[in-house]
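Results of the structural survey
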Amino acid sequence: MSNFPISSASLSSNLSSSPVVDNASRANGNVIRNTVMPGASIWGDQFLTYDEPKDFGVEKQVIEELKKEVRNELMIKASDEFMQHKKLIELIDAVQRLGIAYHFEEEIDKALKHIYVTYGEQWVYNIKDLHSISLWFRLLRQQGFNISSEIFMNHMDEKGNFRESLCTDAQGMLALYEAAYMRVEGEQILDKALKFTKIHLGKIVKDPSCDSFLRTLIQQALKQPLRKRLPRLEAARYIPIYQQENSHNELLLKLAKLDFNMLQSMHKKELSQICKWWKDLDMQNKLPYVRDRLVEGYFWIVGVYPEPHHSRSRKFLIKTSMWLVVMDDTFDNYATYDELEIFTEAVERWSISCLDVLPEYMKLIYQELLNMHSEMEESIEKEGKSYQIHYVKEMAKEYTRSLLKEAKWLNDGYMPTLDEHIGNSLVTGGYPVIIARSYVGGGDMVNEETFKWVATFPPVVKASCLIIRLMNDIATHKEEQERNHGPSSIECYQKEFGASEEEACQFFSNQVEEAWKVMNRESLGPTHVPFPVLMPPINFARACDVIYKDNDSYKHAGEEMINHIKSFFVHPMVI
């Protein structure tokens, strides 16, 4: 049902399909709840305690000194010529991939604006190599500059196809492949570039003569392009790769490692605090049907908002996400329809007085809803931002109403049309709620207009939610249908169009790619909101590509997902 890794199929591989009889309900009428029970967290209490590194203060001072040196390297000088600007582009790419760009946002933006104003799209005439042109194109588009994809026509033949001679330039092909993922709707040149590079990069990696280092880079790119990678995961992956490059900048490398470890320590401290909060709620005993996926949820949140200044937002978001998990499991995996009607009415009223009318087991859920919002409201009240809570409360109400609609469909045995299902499940996925809450307590760029904007479900938010909805359904629908569960988008499409499961999955995979094009288009200037406001929807979609790309990694935390989480919270970089 839900999507912020809260699909009701997102249970551990240790499942019990036996009906569970809730003791309180037994006394009130022998209510048998056909509930699939989740297993315990694979992490146990591993992250419950935190010990701050002894040399933390010294490392912070070293980081500040290194930042000053890197900042000087990023400064635009009036005397800089074209080749210096070319080196600057390569430096910016390294800074971004190493995960330290958040320290230099102003310098990077200024440098790219200067290069754009100086050369416009004439850059292509200054340098002919495919790698440099593709890198320049990707970086500027990432920054919101609406560079025309027609600059690549110089590398196409008279029939409008990319020249086969490019196939010998593996580095250039890889750069073009990455650039192509910045495409928008109707951009045939980049569609062709993506198809062309995928085919030939696939051949290159199978060539025995291919350099092993290059082969690894290509394989990783084909699995997940840069546009879809979480910045924090890219930093963990790229730092060791960058270290192997003969031309690496030692200054950048040292800063990247120290900064990675500093952030990791900060995240571990927060995770410890959140683990204590979750343990104090005693969900495993009070609501044993609820999945304990706190660590996986926090991994998701850190992927979206890793920077130090988002600490308050991360804590609010992880509490929100776990409340959504509880809500999803309650609506989809435990409660009766009558109980859900009572609970939905209580959320509409949003009053402590509603506790008296709720079933006993629902009181904790409702109390935590009120506590979570009161805590955040107190935090932002002194900043004059209390209005933000009004908007997120209204979205929580809409989310609950939409969950009830899905429960009613199941209760009535109703098969919704695909449009009905998608329209409702984009809300029950939880992502509109999560995205809106990612702005609560934000900086100066966030104001009331931001919340009015996100409440309209703008294209970039809708595209992000659609990506997550569809990728989740593709990954989880088979297991969901093994029990009494409402239809997913896959089943709705199959029934409405007489399609096979494979055809339905392929259709939705194509829709996911189209949604990425929409997000790319909405990121090009002039944008409706400040550029940083667009990043949460994009990063949430990136997180989904990590979780659901090959299977339901939230449910089945295999070796790759476990390694991702350990890279975030366990293993520091060796300095």
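This one's a predicted model, so the numbers in the text were calculated from it and none came from an experiment.

Analysis parameters
- Residues numbered from 1 in each chain as written.
- Predicted model: local features only at pLDDT ≥ 70, side-chain atom pairs only at ≥ 80, totals over all residues.
- Heavy atoms only, no water.
- Helix = DSSP H or I, 4+ residues; strand = E, 2+ residues; numbered from the N terminus.
- Buried < 20%, exposed > 50% of the residue type's maximum accessible area, 1.4 Å probe, protein only.
- Contact = heavy atoms within 4.5 Å.
- Polar contact = N/O pair within 3.5 Å; in protein donor to acceptor, adjacent residues only side chain to side chain.
- Phe/Tyr/Trp six-rings, centres within 6.5 Å; stacked < 30°, edge-to-face > 60°.
- Axes fitted to C-alpha atoms, helices over the stretch in contact; angles between N-to-C directions.
- Parallel < 35°, antiparallel > 145°, perpendicular 65-115°, else oblique.
- Left-handed = near helix turned anticlockwise from the far one by under 90°.
- Nonpolar A, V, L, I, M, F, W, Y, C, P; charged D, E, K, R; others polar.
- Salt bridge = Lys/Arg side-chain N within 4 Å of Asp/Glu carboxyl O.

Here H155 is to be found in the loop between α6 (130-142) and α7 (170-180). Residue H155 is classed as buried on the basis of its relative accessible area, which comes to 8%. Leaving out residues up to four positions away in the same chain, H155 has contacts with K128, L130, I133, N161, F162, R163 and L166.

Within the span of helix α22 (residues 489-497), buried status applies to S489, I490, E491, C492 and Y493. Of the residues that open α22, the one with a side-chain oxygen 3.2 Å from the backbone nitrogen of I490 is S488. Positive backbone phi, at 60°, marks G498, one or two positions downstream of α22.

Right, let's talk about the environment of M37 for a bit. Structurally, the position occupied by M37 is in the loop between β2 (32-33) and α2 (56-74). Accessibility expressed as a relative area gives 18% for M37, which makes it buried. With 297 residues separating them along the chain, M37 and Y334 place their C-alpha atoms 9.7 Å apart.

Looking now at unusual backbone geometry. Here the amide bond leading from G525 into P526 is cis, since omega sits at -5°, within 30 degrees of zero. Take P526: it is sitting in the loop between α23 (501-522) and α24 (535-548). Positive phi is not limited to glycine here, since D282 has a value of about 55°. With respect to the element layout, D282 can be found in the loop between α11 (250-281) and α12 (283-286).

Next up on the list: the packing of aromatic side chains. Each pair of aromatic rings is reported with the distance of its centres and the angle of its planes. Per the counting criterion, the structure on display carries 29 aromatic pairs. An angle of 75° between the planes, with centres 5.3 Å apart, marks the rings of Y177 and Y181 as edge-to-face. Classification of Y181 as buried rests on a relative accessible area of 8%. Relative to Y414, the ring of W409 has its centre 6.2 Å away and its plane inclined at 50°; by these criteria the two rings are tilted.

Moving on: the environment of S353. You can see S353 is positioned in the loop between α15 (337-349) and α16 (360-381). It is 58 Å that separates the C-alpha atoms of S353 and L190, two residues lying 163 residues apart in sequence. Within the local environment of S353, its side chain forms a polar contact with the side chain of S351, the two groups lying 2.8 Å apart.

The N-to-C vectors of α16 and helix α17 (residues 387-412) enclose an angle of 155°; their axes lie 9 Å apart at closest approach. It follows from the interaxial angle that α16 and α17 lie roughly antiparallel. Along this stretch, α16 crosses α17, giving a crossing that reads as right-handed. Contacts from H373, M376, E377 and I380 of α16 reach α17 at Q388, I389, V392 and K393. Each residue belonging to the contact of α16 with α17 can be placed in one class, and the counts come to four nonpolar, two polar and two charged.

Further remarks concern the packing of α17 against helix α18 (residues 418-428). Contact geometry for α17 and α18: axes closest at 8 Å, N-to-C directions at 135°. When the axis of α17 is compared with that of α18, the two are oblique. Considering how the two elements wind past one another, α17 and α18 form a crossing that is left-handed. Every residue of α18 that contacts α17 at E398, Y399, S402, L403, K405, E406 and W409 is listed here: E420, H421, N424, S425, V427 and T428. Looking at the contact of α17 with α18 residue by residue, the classes come out as four nonpolar, five polar and four charged.

Most of helix α13 (residues 294-304) sits out of view: eleven of its eleven residues are buried. Taken together, the buried positions of α13 are L294, V295, E296, G297, Y298, F299, W300, I301, V302, G303 and V304.

Attention shifts here to the environment of L66. Structurally, L66 can be placed in helix α2. A residue is classified by how much of its surface remains accessible, and L66, at 7% relative accessible area, is buried. Taking the C-alpha atoms as reference, L66 lies 14 Å from M262; in sequence the two are 196 residues apart. Not counting chain neighbours up to four residues away, the residues in contact with L66 comprise L251, K254, L255 and L258.

Using the criterion set out here, one finds 31 salt bridges in the structure. Note that R469 is salt-bridged to D473, the shortest N-O span being 2.8 Å. On the criterion of helical spacing, the pair formed by R469 and D473 is a turn pair, its members being four residues apart in helix α21 (residues 459-480). When its relative accessible area of 1% is taken as the criterion, R469 is described as buried.

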